[in-house]
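Architecture and fold: a report
This is what each chain is made of:
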Amino acid sequence: MWYHPLYTGGIHPDARFPRDRYIRVLERLTPFISKSEEPADLEASIRISNPKPIKREHLLLAHDAEYVDRFLAGSLTEKEIRRIGLTPWTDDMIQRTLLLMGGAVEATEHAVQFGGISANMAGGTHHAHRAFGSGYCVFNDLAVSALHALNNLNVGRVAVLDLDVHQGDGTATALQHVQEALTVSVHCDVNFPFRKSISDHDLPLAAESGDMLYLEAVEEALDLCFNHQPELLLFQAGVDALTTDALGKLNVSRLGMKQRNDMVFERATKLKVPVVVFMGGGYAKPLDHTIDAFEDLFTQAAQWSMGQGSTPPHVR
Ligand SMILES: [Zn+2]
């Protein structure tokens, strides 16, 4: 798992975005973090690495040079920054973004090289488009990672499974013409973004759908992903479908989210498809509910990667 203190520290303390989520999830995972290189047991099976900043050439896999260079020079317009929304903006946003993107790329490289499950404890920045950021997303880590895997890591086919309550609009447009990359998005139809993109497969759900309908859609999404026969699964694991989320509207329980995670990890593990977990959205009030769901997500990932995941009960 990749993590950096700037994931929290690079965002202004007055920002509306709940920046404490990163440091607080890390605190929750502390009992599970291995001190040595080789994880000895399930109680200490998560290894934390600090990312290096992403290289410019990797950003260019999914983004226009003009946008990348203006961001790197700190010269985005007020309007562009407002659309991203991580305001008040700080100078650290540049370094934070490069580290966050670096974490995604390194987690992807690790999954491709060693198999199993890796994760970046941030990101899932699916609203970023080729030439502009949006909805708390500067660059699109899913699109960059997919294209890095296809172009540079000798991966033949990638599936992007986006289970965040918001549509993966930026990812869908960035990968629209890439046949080897399949994009599948399960989301609530009345949520942001109000103008949806077209993923390879969109599975929109009505507000207040709840656990059963959500998990049925997840199962369908998994069928679609694995029919693509991916050699790598990029999992946008946002937990903003939770009942108490302030921005989602799907009314999914904590248990429902746990079942979702098990369904994803079970399929991927059985088929030996490496998985990269991207954190995604989570804005519950109280924030503890979001932290609980992310703790579940990452500890379940650790269990499955140690061969100790448990098969979820059948949805239907
Ligand atoms: Zn979201």
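Residues numbered from 1 in each chain as written. Predicted model: local features only at pLDDT ≥ 70, side-chain atom pairs only at ≥ 80, totals over all residues.

A word on the overall build of the protein chain. Secondary structure assignment for the protein chain yields eleven helices and six strands. The C-alpha atoms of the protein chain give a radius of gyration of 18 Å, which matches the 20 Å a tight globule of 316 residues would have. If you line up the protein chain on its principal axes, its C-alpha atoms span 50 × 45 × 40 Å. (Helix = DSSP H or I, 4+ residues; strand = E, 2+ residues; numbered from the N terminus. Rg over C-alpha atoms; globule rule 2.2 N^0.38 Å.)

The next subject is the environment of Lys249. Following the sequence through the fold, Lys249 ends up in the loop between strand S5 (232-236) and helix H10 (254-270). The partly exposed category is assigned to Lys249, around which 19 C-beta atoms lie within 10 Å. Along the primary structure Lys249 and Cys188 are separated by 61 residues, whereas in three dimensions their C-alpha atoms are 6.8 Å apart. In contact with Lys249, not counting residues within four places along its chain, are Cys188, Val190, Asn191, Ala207 and Glu208. (Buried ≥ 20, exposed ≤ 12 C-beta atoms within 10 Å, placed from the backbone. Contact = placed C-beta atoms within 7 Å.)

With parallel pairing, six strands are arranged side by side in an open sheet as S1-S6-S5-S2-S3-S4. Edge positions in the sheet fall to strand S1 (117-120) and strand S4 (201-205), since each has one partner strand and no second. The average angle at which neighbouring strand axes cross in this sheet is 15°, direction not considered. Bridge count between strand S2 (residues 158-162) and S5: five bridges; the pairing is parallel. (Pairing = 2+ DSSP bridges. Axes fitted to C-alpha atoms, helices over the stretch in contact; angles between N-to-C directions.)

In a regular helix each residue adds 1.5 Å, so 18 residues correspond to 26 Å; helix H11 (residues 288-305) covers 26 Å between its end C-alpha atoms and thus fits that length. Within the span of H11, buried status applies to Thr290, Ile291, Asp292, Ala293, Phe294, Leu297, Phe298, Gln300, Ala301, Ala302, Trp304 and Ser305. Close packing links the buried residues of H11 with helix H2 (21-29), S1, H10 and strand S6 (275-278). The positive-phi residue at the C-terminal boundary of H11 is Gly307, with phi of around 75°. (Expected span 1.5 Å × (residues − 1).)

Turning our attention to the confidence of the model for the protein chain. For the protein chain, per-residue confidence averages 95 on the pLDDT scale, and residues scoring 70 or more make up 96% of the total. Here H11 stands out as the element of the protein chain with the lowest mean pLDDT, 96, in contrast to S5, whose mean of 99 is the highest. (pLDDT = per-residue confidence, 0-100.)

On to the pairing of S1, then. Going residue by residue along S1, you find Ile117 and Ala119 tucked away on one face and Ser118 and Asn120 tucked away on the opposite face as well. Across four bridges, S1 lies against S6 in parallel orientation. For Ile117, the partnering residue across the bridge sits in S6 and is Val275.

This next bit is on the environment of His289. Relative to the elements of secondary structure, His289 occurs in helix H11. Linking His289 and Val239, residues 50 residues apart in sequence, is a C-alpha distance of 9.4 Å. Look past the residues within four positions of His289 in its chain and what remains in contact with it is Leu242, Thr244 and Ala284.

What follows deals with the environment of Trp304. When you line up the elements, Trp304 lands in helix H11. In this structure, the C-alpha to C-alpha distance between Trp304 and Asp262, residues 42 residues apart in sequence, is 8.2 Å.

This next bit is on unusual backbone geometry. If a residue is not glycine, its phi is most likely negative; likewise, a peptide bond is most likely trans. The omega torsion of the bond from Thr87 to Pro88 falls at -5°, within 30 degrees of zero and hence cis. Its location among the elements puts Pro88 in the loop between helix H5 (78-84) and helix H6 (92-114). In this structure, Pro193 follows Phe192 across a cis peptide bond, with omega equal to -5°. Within the secondary structure, Pro193 sits in the loop between strand S3 (181-188) and S4. Phi is positive for Gln229, which is not a glycine, with a value near 50°. Inspection of the secondary structure puts Gln229 in the loop between helix H9 (210-227) and S5.

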